[in-house]
Amino acid sequence: MSQAVFSTSQESNIRHNWNVKEVEALFALPFNDLMFQAQTVHRQNFNANEVQVSTLLSIKTGACPEDCKYCSQSARNKTDLEKEQLLATEKVLEAAKKAKEMGSTRFCMGAAWRNPKERDMPYVVNMVKGVKELGMETCMTLGMLSKDQADQLQDAGLDYYNHNLDTSPEHYNQIITTRTYQDRLDTLDNVRSAGMKVCSGGIVGLGEEAVDRASLLMQLANLSPQPESVPINMLVKVEGTPLSDVDDLESFDFIRCIAVARIMMPKSHVRLSAGRSSMNEQMQSLCFLAGANSIFYGCKLLTTENPETDHDIALFEKLGINTETIDDDNKDVELKIKTAVIDNQHSDLFHNAAQ
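Just so we're clear, the structure is a prediction, and the values are computed from it rather than from any experiment.

About the cut-offs
- Residues numbered from 1 in each chain as written.
- Predicted model: local features only at pLDDT ≥ 70, side-chain atom pairs only at ≥ 80, totals over all residues.
- Heavy atoms only, no water.
- Helix = DSSP H or I, 4+ residues; strand = E, 2+ residues; numbered from the N terminus.
- Buried < 20%, exposed > 50% of the residue type's maximum accessible area, 1.4 Å probe, protein only.
- Contact = heavy atoms within 4.5 Å.
- Areas by Shrake-Rupley, 256 points an atom, 1.4 Å probe, with all protein chains shown as cover.
- Pairing = 2+ DSSP bridges.
- Salt bridge = Lys/Arg side-chain N within 4 Å of Asp/Glu carboxyl O.
- 1 Å grid on protein atoms, 1.4 Å probe; cavity = no way out; pocket = protein on both sides within 12 Å on 5 of 7 lines; lining within 4 Å.
- Points joined across faces, edges and corners; volume = space filled by probe spheres on them.
- Nonpolar A, V, L, I, M, F, W, Y, C, P; charged D, E, K, R; others polar.
- Phe/Tyr/Trp six-rings, centres within 6.5 Å; stacked < 30°, edge-to-face > 60°.
- Polar contact = N/O pair within 3.5 Å; in protein donor to acceptor, adjacent residues only side chain to side chain.
- pLDDT = per-residue confidence, 0-100.
- Core = buried A, V, L, I, M, F, W, Y, C linked by side-chain atoms within 4.5 Å.
- Arc of directions from axis to C-beta.
- Expected span 1.5 Å × (residues − 1).

Novice: For the overall build of the protein, give the residues involved together with the corresponding values.
Specialist: The helix and strand inventory of the protein stands at 11 helices and 10 strands. Put simply, the protein has 355 residues, and 59% of those count as buried. Here the contacts in the protein between residues at least 6 apart in sequence split such that 76% fall between residues at least 24 apart. Accessible surface, the protein as shown: approximately 14800 Å² in total, 47% of it carbon and sulfur.

Novice: Break down the environment of Leu223 for me, with residues and values.
Specialist: For Leu223, the location among the structural elements is in the loop between helix H7 (210-221) and strand E7 (229-234). Spatially, the C-alpha atom of Leu223 lies 9.4 Å from that of Arg15, the residues being 208 residues apart in sequence.

Novice: Explain the pairing of E7 to me, using residue names and the numbers behind them.
Specialist: Where burial is concerned, most of E7 is hidden: six out of the six residues are buried. Neither face of E7 is open: one carries Ser229, Pro231 and Asn233, the other Val230, Ile232 and Met234, and all of them are buried. Relative to E7, strand E6 (residues 202-204) runs parallel, the two being bridged by three bridges. Of the residues in E7, the one forming a bridge with Ile203 is Asn233. Sheet topology note: the E7/strand E8 (residues 269-272) ladder contains four bridges and is parallel. Bridge pairing in E8 links Val230 to Val270.

Novice: An account of the pattern of salt bridges is needed here, citing residue identities and associated values.
Specialist: Counted under the stated rule, the structure contains 12 salt bridges. The salt bridge involving Asp248 is made with Lys237; its shortest N-O contact spans 2.5 Å. Of this pair, Asp248 sits in the loop between E7 and helix H8 (251-264) while Lys237 sits in the loop between E7 and H8, placing them 11 residues apart in sequence. When its relative accessible area of 62% is taken as the criterion, Asp248 is described as exposed.

Novice: So, the layout of surface pockets: which residues are in play, and what are the values?
Specialist: Looking at the largest pocket, its volume works out to about 300 Å³. Lining the largest pocket are 17 residues, with Met234, Leu235, Asp248, Gly275 and Ser278 positioned closest to its centre. Considering only residue class, the lining of the largest pocket consists of seven nonpolar, six polar and four charged.

Novice: For the environment of Arg184, give the residues involved together with the corresponding values.
Specialist: Position of Arg184 among the secondary structure elements: in helix H6 (residues 181-194). When the C-alpha atoms of Arg184 and Asn164 are compared, they prove to be 7.6 Å apart, with 20 residues separating the residues in sequence. Apart from the residues lying within four places of it in its own chain, the contact partners of Arg184 are Cys68, Tyr70, His163, Asn164, Leu165, Asp166, Tyr172, Ile176 and Arg179.

Novice: I'd love a proper account of the packing of aromatic side chains, names of residues and values included.
Specialist: According to the stated counting rule, one finds three aromatic pairs in the structure shown. Their ring planes at 85 degrees and their centres at 5.1 Å tell us that Phe31 and Phe252 sit as a pair that is edge-to-face. Here Phe31 is found in helix H2 (residues 31-45), whereas its partner Phe252 is found in helix H8, with 221 residues between them in sequence. The class for Phe252 is partly exposed, based on a relative accessible area of 42%. Taken together, a centroid distance of 5.2 Å and an interplanar angle of 85 degrees make the contact between Tyr172 and Tyr181 edge-to-face.

Novice: Give a detailed account of the side chain of Asn162, specifying residues and quantitative values.
Specialist: Structurally, Asn162 is set in strand E4 (residues 160-162). Overall, Asn162 belongs to the buried group, its relative accessible area being 12%. Among the polar contacts listed, one links the side chain of Asn162 to the side chain of Asn164, at a separation of 3.1 Å. At 3.2 Å, the side chain of Asn162 and the backbone oxygen of Cys199 are in polar contact. Apart from the residues lying within four places of it in its own chain, the contact partners of Asn162 are Cys139, Met140, Thr141, Cys199, Ser200 and Pro231.

Novice: Pulling in residues and values, what's your account of the confidence of the model for the protein?
Specialist: Averaged over all residues, the pLDDT of the protein is 82; the fraction at 70 or higher stands at 79%. Long-range and interchain partners of residues 299-306, a stretch whose pLDDT sits below 50, account for 51 contacts in this model, where long-range means more than four residues apart. This model gives residues 326-355 a pLDDT under 50, and the stretch forms 71 contacts once residues within four places in sequence are excluded.

Novice: A description of the nonpolar core should follow, citing residues and the corresponding values.
Specialist: One finds Ile59, Tyr70, Phe107, Met140, Leu153 and Phe254 to be the most contacted residues of the largest nonpolar core, which totals 93 residues. When residues of this core are assigned to their parent elements, the largest contribution, nine residues, is made by H8. Judged by nonpolar contacts, the second largest core, of five residues, contains Leu56, Cys108, Cys139 and Phe296.

Novice: Account for helix H1 (residues 20-27), with residues named and values stated.
Specialist: Residue pairs three or four apart in sequence face the same way in an α-helix, which turns once every 3.6 residues. Listing the buried residues of H1 in full gives Glu22, Val23, Leu26 and Phe27. Taken around the axis of H1, the buried residues stretch over an arc of 145 degrees, which confines them to a single face.

Novice: Give me the lowdown on H8, citing residues and values where you can.
Specialist: Here H8 contains 14 residues, and its C-alpha end-to-end distance of 20 Å stays within 8% of the 20 Å for a straight helix at 1.5 Å per residue. Across the 14 residues of H8, 11 count as buried, placing the element largely inside the fold. Listed as buried for H8 are Phe254, Ile255, Arg256, Cys257, Ile258, Ala259, Val260, Ala261, Arg262, Ile263 and Met264. For H8, the N-terminal capping position is held by Glu250, with its side-chain oxygen 2.6 Å away from the main-chain nitrogen of Phe252.

Next comes the structure, spelled out in structure tokens:
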């Protein structure tokens, strides 16, 4: 039996020494075998019928100096995205309150920066403190962080910091040239050293080879500790970006990414992230079966579409899935959340923020 294939003698181990050949062996498994192994690992570490839900708000949109070829927010890409200044703290907290009413347990705030400037730090620190006071988990993605900035965010009570690796080290320079892979790893080190949890994943469908998807997951799994949250994004092609005409990734290849991530990172929340609006219910259901147990609620992410929240609730009901904030025995609470979702799903406070 290949070392990459799951066995009960290894089921409780978290490995940080994966190699590409082992990961490729997982991807090469017959689909049913891969799904069975992923579901087995998932059930050993999580409630198989529960999904953690988060809301993502763009607190500063557009005019980013980076050259990420997938991103609508890059100033180098002609996407006609309307630029916005940093949102006022009051607006952010208003959005967080609505997100909590909609059933979200975590509120994520994203800014289109290469890195936050020192003049910005007092504002984002106040946002973190305000959301924490609402009783929600907090997450931010602000670009690269210095050690001092990471310490400031940790002192404010930030729970998670998101900084994706995006793709494999081998494919990285085909996608981004304005910051290095090591820059990303250094930010993750600063976040860990400050005592915060890490949210880090990548984007598939960037025109990469299959080995690049294996290499990306190897990089994530070999981080020690592994990221507590691993968003797996399907590229959302945006007109005006260099990747707007790239070939679509085959659906089963994406589902395999979810399953392999679950096997390699058994205790991480694997988030079915950007690209869900192009997935039918059957594909999303297979992703949950493969071990995805986190999503973003809301009709928008940073600058890309996301399914309407009432569609998510309808799918959860079909699958018998509960969210972390809904008590199965309290139908009044469930009804209140569903009503709030439908009433607020078109709120213009929410911006697309998945990438």
